[in-house]
Amino acid sequence: MLFSSHNFIILFVSFLSRFGPTAIVIPSTVTIEGIEFSVTSIRYGAFYNCENITDIVIPEGVKAIKSSTFSYCYRLTSVTLPNSVESIGQGAFSSCYLLTSITIPNSVTSIGEEAFSYCESLTSVTIGNSVTSIGNGAFGGCSSLTSITIPNSVTSIGDWAFQYCDALTSVTIGNSVTSIGEYAFGDCYSLTSITIPNSVTSIGESAFHNCNSLTSVTIGNSVTSIGSSAFSNCTALTSITIPNSVTSIGGNAFNGCSALTSVTIPNSVTSIGYEAFNGCSSLTSITIPNSVTSIGEGVFRDCTSITSITIPNSVTSIGSSAFRGCSALTSVTIGNSVTSIGEGAFDGTNLTSFICYSPSLTYFGLGTQPQLDTIVAPAAFFDVEEADWTSAPKHVRYARVIAGELTENAFGVINRSYKTLKVLDLEAATNTSIADEAFKGCYNLDSLYLPSNLSYIPYMAIADCKSLKSINIPATVETAMPHVFASQVEYFHKNLKYRENVVISVHPHNDRGTGVASAELALLAGADRVEGTLFGNGERTGNVDIITLAMNMFSQGVDPELNFENMPEIVEVYEKVTRMHVYER
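Rules of the game
- Residues numbered from 1 in each chain as written.
- Predicted model: local features only at pLDDT ≥ 70, side-chain atom pairs only at ≥ 80, totals over all residues.
- Heavy atoms only, no water.
- Pairing = 2+ DSSP bridges.
- Helix = DSSP H or I, 4+ residues; strand = E, 2+ residues; numbered from the N terminus.
- Axes fitted to C-alpha atoms, helices over the stretch in contact; angles between N-to-C directions.
- Buried < 20%, exposed > 50% of the residue type's maximum accessible area, 1.4 Å probe, protein only.
- Contact = heavy atoms within 4.5 Å.
- Salt bridge = Lys/Arg side-chain N within 4 Å of Asp/Glu carboxyl O.
- Parallel < 35°, antiparallel > 145°, perpendicular 65-115°, else oblique.
- Left-handed = near helix turned anticlockwise from the far one by under 90°.
- Nonpolar A, V, L, I, M, F, W, Y, C, P; charged D, E, K, R; others polar.

(A) Region of interest: the sheet that holds strand β1 (residues 23-25). Across the sheet, which stays open at both edges, the 3 strands sit in the order β1-β5-β7 with parallel pairing between neighbours. Both outer strands of the open sheet, β1 and β7 (78-80), are each paired with one neighbouring strand and no more. On average, each strand axis in the sheet is tilted by 5° relative to the strand beside it, whichever way the strands run. As defined by bridge partners, β1 adjoins strand β5 (residues 55-57) across 3 bridges and the pair is classed as parallel. Looking at β5, one finds that I24 is bridged to I56.

Okay, here's the thing in structure tokens:
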């Protein structure tokens, strides 16, 4: 041993290593040239790679064990740390493969990075109640450690602190911990449950990655963010409840959790990161709260058991491949704020219904979707480049435009790609005119609802529509006078090729107070049916009042085939159901 002349410092040189004694007792004092010094610290690497040492006794008075002091002491089985030790340095006992237990006294306030890393025989660790931080990798690779209790004094658990602790089955985290670092418990293959206390505000990236025996997770109500890959590949995890405090779910957070059947996402969450639930193949349903504004790339990719999804009005963007490979997904409803849907978002699904209430969404490519039966979307959705016509769904039977103006190209897409259409509802489209051969050759078209503002209908628009049975000519927003509306009806009545097989239905509203007049003139012009409501209850200023219309017909000697014998009862039921009052006059 060599001693320095510096006060209270002792230096044990590492040439003790290969041929030194098996047991080391470090004295509490040393005398140099007649002067007694107290031993207060053991310097960096003092016993580094001393392969023969089996036992170490450190005396009272030592306050610091410096970095790598006992690292690679392969045969070290026993260490006694005195109550005077305050800090354990980086890698202090790293790779002491035979060390089986360690008690960290209450005097210690910090455990350095990799302090006990790869102590592969370590089965028991007691952490004193003065430790405030556990450094990065402090117990990483301690593959025999089965349980750990982190005292209430600890405020942070460093990155990789317990990574690769293969035998770890039980972890108790004290209620002062505020952050759990990256990979803190990553690859702890035997860990079955974890309770994250209310003190924790953030769960680091990959904190519990590959904990494939983890079946139960309780997340405290102060956590605001779940880091990327935090619980990825936890293949035994079946359910998770995310508390209301969480605002963001990181990318890959639950990626590969193949047994996960239930997830509760609170209204506090605003963003769901890329591939957050990718490969959660047992997940049958998911509720996206109204607080979420964006759904990242591949978020629900390969969730092969999800059958339906509703995107709330708060969401503005859906990332590429968001639902790719969700082979059981048959129904999608998208809220009214989505402006963009990424490439391949629904590739590999088997949609039968696609409903989008966003007026600003443009076509994004649904793929051929051989099972797709129903499309509800804005006009721009149908405005596909000619080169992509072949990729449009081929078996749609019901299509409805919810907003916007159909271009001539869009009519071309409908005409050429939607040959199986039976019902086409364009009532909400803003068109004042339609393409010359808009529906020509739609052989299966059964019912057609024309745009409400339509002022001109080309002669060939419905040529060869051999199955057409009903045409609805609405006056939803009455920009035209009743006689102009009646002229449109008359044009259809006189020019339909298969008039005897078609029911012309009108749907007047009352925006200009002329709903009844529009209906009556339409009937005189050749309409077969009027769609109205009791006492005119409907959107904006109401639909045509079917009772007034019927009474007018009675007055002209025409039987409307409606029974109004007990009007007081009709009024009573109406007022009770609608909570609206029928004016006395």
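Having seen the model, we can carry on.
(B) Quick look at the environment of E182. For E182, the location among the structural elements is in the loop between β16 (179-180) and β17 (193-196). The partly exposed category is assigned to E182, whose relative accessible area is 33%. For the pair E182 and G296, spaced 114 residues apart in the sequence, the C-alpha separation amounts to 22 Å. Sequence-distant contacts of E182, that is, excluding residues within four places in its chain, are made with D159, W160, G204 and E205.

(C) Fine view of the pattern of salt bridges. Under the defined criterion, the tally for this structure stands at 6 salt bridges. The shortest N-O distance in the salt bridge between K469 and D446 comes to 4.0 Å. Remark: D446 occurs in the loop between β33 (423-425) and β34 (447-449) and K469 occurs in the loop between β34 and β35 (470-475); sequence separation between them is 23 residues.

(D) Layout of the packing of helix α3 (residues 515-524) against helix α4 (residues 546-555). It is at 10 Å that the axes of α3 and α4 come closest, and there the two elements cross at 50°. One finds that α3 runs oblique with respect to α4. Note that α3 runs across α4; the crossing there is right-handed. Within the contact between the two elements, α3 uses V516, A519, E520 and L523 and α4 uses T548, L549, N552 and M553. Its residues assigned to classes, the contact of α3 with α4 shows 5 nonpolar, 2 polar and 1 charged.

(E) Region of interest: the environment of T270. With respect to the secondary-structure elements, T270 resides in the loop between β23 (262-264) and β24 (271-272). The class for T270 is partly exposed, based on a relative accessible area of 37%. Residues T270 and I249, spaced 21 residues apart in sequence, show a C-alpha to C-alpha distance of 8.5 Å. Those residues within four positions of T270 in sequence are excluded, and the remaining contacts are T247, S291, V292, T293 and S294.

The analysis is restricted to geometry; functional conclusions fall outside its scope.
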